[in-house]
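# Geometric and topological summary
Listed below, chain by chain, are the residues.
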Amino acid sequence: MIWLDTIVQGILLGGLYALFAAGLSLVFGIMRLVNLAHGDLIVLAAFLILTIVSALGLNPFLGALLAMPVMFGAGWLLQTYVLNRVLGDDILPPLLVTFGLSVVIQNGLLEGFSADSQKLSAGPIEAASLPLGPVTVGVMPLLTLISAILVIFALNQLFYRTRLGRAFRATSDDAVTAGLMGIRPRNVFAIATGVAMVVATIAALYLGMRANFDPTIGPARLIYAFEAVIIGGLGSLWGTLAGGIVIGVAQALGAAVNPEWQILSGHIAFILVLLVRPRGLFPRAND
Amino acid sequence: MSLLKLDNVSKSFGMLKVTDSVSFEVAKGEALGIIGPNGAGKSTLFNLITGNIAPDEGAVYLDGVDMTRKPAMSRVQAGVGRSFQIPQPFTHLSVFENLLVAANFGGGHHGHAADDFCMDILDQTGLAGVADATSGSLSLLQRKRLELARAMATSPKVILLDEIAGGLTEGECVSLIQTIKSIHASGTSIIWIEHVLHALTSVVERLMVLNFGKMLMIGDPAEVMDSPQVKEIYLGIEV
């Protein structure tokens with residue numbers, strides 16, 4: 001029974017990693033841009049929610065709702081004025097620029113909020129739990145996983161059911177030809193990064209409510225996000241969810257054996273998947 | 001007034017002048033053929049018209065509006081449709097979605113009207129049966145038809161066809177010509193680059209010959225083909 005419980009907790013934790021990864025997966029899928037500042041942008045969003053919550057005395061969920069349009073705008077501006085300028089055949093410039101951005105965000109946050117640990121307080125719901133068959137699950141972790149599933153579902157609907165989604169996929173296929181069909185690729189990229197930042201805000205909400213955060217934890221979130229994306233298969237959103245869950249379960253199992261093994265076992269699972277399926281669990285047909 | 005007008009357009013890549021002071025006009029509803037040896041600058045001419053590359057000199061007008069500094073996107077929306085020599089479908093999208101993207105963003109069609117519009121084009125181009133297939137899975141003829149269909153979905157005033165008959169069997173070619181004729185009959189202007197001459201001359205009213213980036217001749221197809229200069233340069237026949 002303890003193993004079943006551990007696996008369930010791992011799956012729920014995977015929801016958080018999937019939320020970290022969804023924005024990264026989205027941006028990579030559309031413009032082949034690896035955003036090394038993704039983890040720091042999540043932390044930035046967490047501080048934004050914290051600021052809104054403490055200034056207006058709101059519940060973190062409402063705070064996140066207010067932070068979403070701000071982060072969308074930030075993503076749009078970031079893409080339009082910075083990242084669009086470095087996108088091209090060479091993959092190095094965007095890597096360098098986003099790496100630099102990561103450093104800038106971390107230091108900016110240190111300057112503005114100090115190195116103290118912060119937390120978003122959601123009140124009694126944090127400790128609430130539900131009996132779910134033979135195991136008991138926390139309401140917050142359950143909410144995290146449900147949110148991750150909803151986010152991935154919504155992104156898939158956006159991708160495959162809407163005009164904007166077709167523009168995303170057409171631009172991802174061939175940006176030059178997309179231009180000849182009347183699509184403005186740079187605009188599409190800006191919207192995509194805006195959407196990714198909205199997802200990052202949702203990730204930030206659950207990150208901040210689950211545990212303490214400080215300005216320096218971004219890069220570690222980036223690693224988990226990366227691993228989830230690659231385990232799932234580049235460009236597959238449901239694969240990203242599966243990837244998050246693989247890491248979550250591996251960490252939970254590792255922690256059950258010995259708490260020191262939690263982080264390590266997540267990375268080991270990642271390496272094992274890479275060895276067995278180098279293109280991930282659900283690779284796109286032709287890339 | 002002419003629909004499309006090129007006025008003294010020139011373009012060089014380094015020392016190589018690929019388009020050399022080319023001027024011509026295409027009237028509304030007219031079909032113009034372009035021939036010339038490989039490397040004569042035919043596809044470059046198309047890139048200059050669609051806005052993929054900017055000319056060094058000269059101007060491109062559509063409906064009397066100067067489009068020279070307009071990006072490709074604006075030109076599609078203004079009515080310049082294009083099919084590529086090597087089909088470039090969006091391979092992760094279905095055939096229908098390929099058209100829908102073009103109709104939504106290039107043709108300004110929305111909602112159910114766009115769906116119906118695209119289905120009509122699929123019928124007209126004989127692709128209705130593979131509407132939901134991934135475009136990456138199509139045969140060469142189907143890909144060529146998709147190129148044509150997608151260009152049509154942008155609701156062009158003038159459609160640029162780049163060697164669309166190349167690589168097809170005789171039978172495939174005949175049916176493609178029928179489709180192109182019906183597009184022409186609907187009043188869309190056509191500029192068509194083609195090496196398959198009998199396909200070209202069965203549709204176009206005028207023929208232009210390009211050589212080393214220069215416009216050598218333009219006029220009645222039969223007269224152009226009869227010209228000794230064209231025979232020598234284009235067909236490689238010593239006169």
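Residues numbered from 1 in each chain as written. Chains lettered and ligands numbered in written order. Predicted model: local features only at pLDDT ≥ 70, side-chain atom pairs only at ≥ 80, totals over all residues.

### A short note on the overall build of chain A
Convention followed: Numbering of helices and strands runs from the N terminus, with a helix taken as a DSSP run of H or I at least four residues long and a strand as a DSSP run of E at least two residues long. Only C-alpha atoms enter the radius of gyration, while the globule expectation follows 2.2 Å times N to the 0.38, with N the number of residues. The burial criterion counts other C-beta atoms lying within 10 Å of a residue's C-beta, which is placed from the backbone; the residue is buried at 20 or more, exposed at 12 or fewer, and partly exposed between these limits.
Broken down by element type, chain A carries 11 helices and 2 strands. Mapped in sequence order, the helices and strands of chain A form the string α-α-α-α-β-β-α-α-α-α-α-α-α. Taking 287 residues into account, the globule formula puts the C-alpha radius of gyration at 19 Å, and chain A, at 19 Å, falls close to it. The C-alpha extent of chain A, read off along each of the three principal axes, is 60 × 50 × 35 Å. Classification of the 287 residues of chain A by burial places 50% in the buried group.

### Details of the overall build of chain B
Counting secondary structure elements, chain B contains 9 helices and 10 strands. Scaling as 2.2 N^0.38, a compact globule of 239 residues should have a C-alpha radius of gyration of about 18 Å, and chain B matches this with 17 Å. Projected onto its principal axes, the C-alpha positions of chain B cover 55 × 40 × 35 Å. Split into buried and exposed, the 239 residues of chain B put 46% on the buried side.

### Quick look at the nonpolar core
Here is the rule: We define a nonpolar core as a collection of buried residues of the types Ala, Val, Leu, Ile, Met, Phe, Trp, Tyr and Cys that are connected via C-beta atoms lying within 7 Å of each other. An automatic or database domain assignment supplies the residue ranges for each domain. For every residue pair, C-beta atoms are placed from the backbone, and the pair is scored as a contact if these atoms sit within 7 Å.
The biggest cluster of nonpolar side chains holds 159 residues, and the ones touching the most others in it are L19, A45, I49 and V199 of chain A. No other element matches helix α8 (residues 185-210) of chain A, which puts 17 residues into this core. Counting residues domain by domain, this core receives three or more from each of domain 1 (1-79 + 157-239) and domain 2 (87-155) of chain B. Contacts of A45 of chain A, omitting those with residues within four sequence positions, involve A67, M71, A200, T201 and A204 of chain A.

### Points about helix α11 (residues 262-276) of chain A
Each full turn of the α-helix corresponds to 3.6 residues, which orients residues three or four apart in the same direction. Residue and element names in this part refer to chain A. This is how it is decided: Expected span, for any helix, means 1.5 Å times one less than how many residues it has. The arc in question is formed by the directions pointing from the helix axis toward the C-beta atoms.
Its 15 residues give α11 an end-to-end C-alpha distance of 22 Å, which sits within 8% of 21 Å, the value for a rise of 1.5 Å per residue. For α11, the complete set of buried residues consists of S265, G266, A269, F270 and V273. Considered in projection along α11, the buried side chains sweep an arc of 150° and stay on one side of the axis. Structural note: α11 exposes I271 and L275 on the side pointing more than 90 degrees away from its buried face. Next to the buried residues of α11 lie α9 (218-232) and α10 (237-257).

### Regarding helix α4 (residues 111-124) of chain B
All names here are of chain B. Taking 1.5 Å per residue, 14 residues should reach 20 Å; α4 reaches 21 Å between its end C-alpha atoms and fits that length. Restricting attention to buried positions, one finds in α4 the residues A114, C118, I121 and L122. Buried residues along α4 cover an arc of 100° about the axis, so they all sit on one side. Turned more than 90 degrees away from the buried face of α4 sit H112, A113 and D116, all of them exposed. Where the residues of α4 are buried, they touch α3 (95-106) and α5 (140-153). Looking at the residues trailing α4, positive phi occurs at G126, about 70°.

### Here we look at the interface of chain B and chain A
Chain B puts 20 residues into the contact, and the matching count from chain A is 15 residues. A total of 7 residues in the side of chain B that touches chain A trace back to one element, the largest contributor, which is α3 of chain B.

### Brief notes about the pairing of strand β1 (residues 129-132) of chain A
Residues and elements named next belong to chain A. Inclusion rule: Two strands form a pair only when DSSP identifies at least two bridges running between them.
Bridge count between β1 and strand β2 (residues 135-138): 4 bridges; the pairing is antiparallel. Within β2, the residue paired with L132 across the bridge is V135. Counting the residues in the hairpin turn of β1 and β2 gives 2 residues, including G133, whose phi is positive at 65°.

### A short note on the environment of G138 of chain A
Residues and elements named next belong to chain A. Mapped onto the secondary structure, G138 falls in strand β2. Judged by local crowding, G138 falls into the partly exposed class, with 17 C-beta atoms found within 10 Å. Counting along the chain gives 134 residues from G138 to L4, while the straight-line C-alpha distance between them is 15 Å.

### Examining the environment of G280 of chain A
Residue and element names in this part refer to chain A. Structurally, G280 is set in the segment after α11. Along the backbone, G280 and F189 are 91 residues apart, and their C-alpha atoms lie at a distance of 25 Å. In this view, G280 contacts I230, I231, G232, G233, L234 and G239; residues no more than four positions away in its chain are not counted.

### Topic: the UniProt feature "transmembrane region" (unreviewed entry) in chain A
All names here are of chain A. Formally: UniProt positions are given in the numbering used here, feature names are shortened, and annotations may be inferred rather than shown by experiment.
Look at the UniProt record and you will see "transmembrane region" (unreviewed entry) annotated at residues 6-29, 41-58, 64-83, 95-115, 135-159, 188-208 and 228-249. Across residues 6-29, helical content stands at 100% and strand content at 0%; the span's end C-alpha atoms are separated by 32 Å. The span residues 41-58 is 89% helix and 0% strand, and its two end C-alpha atoms sit 22 Å from each other.

### As for the sheet that holds strand β3 (residues 31-35) of chain B
All names here are of chain B. Spelled out, the test is: Only the stretch in contact is used when a helix axis is fitted, and all axes are lines through C-alpha atoms; the angle between N-to-C directions ranges over 0 to 180 degrees.
If you trace the 6 strands from one edge of the open sheet to the other, you get β6-β7-β8-β3-β9-β10, paired in mixed fashion. Of all strands in the sheet, those with a lone pairing partner are β6 (80-83) and β10 (214-219), marking the two edges. Across the sheet, the mean angle separating the axes of adjacent strands is 20° when strand polarity is ignored. When strand β7 (residues 158-162) meets strand β8 (residues 189-193), the two strands line up parallel, connected through 5 bridges. Residue pairing for β8: V158 is matched across the bridge by S189. Across the sheet, helix α1 (residues 42-50) touches β3, β6, β7, β8 and β9 (206-211), and the angle it forms with β7 is around 150°.

### Some points on the sheet that holds strand β1 (residues 4-13) of chain B
Residues and elements named next belong to chain B. Pairing is antiparallel in the open sheet, where 4 strands are placed in the order β2-β1-β4-β5. What marks the edges here is a single partner per strand, and that holds for β2 (16-26) and β5 (65-66). Each of β1, β2 and β4 (57-62) touches α1; the most contacted strand, β2, lies at about 60° to it.

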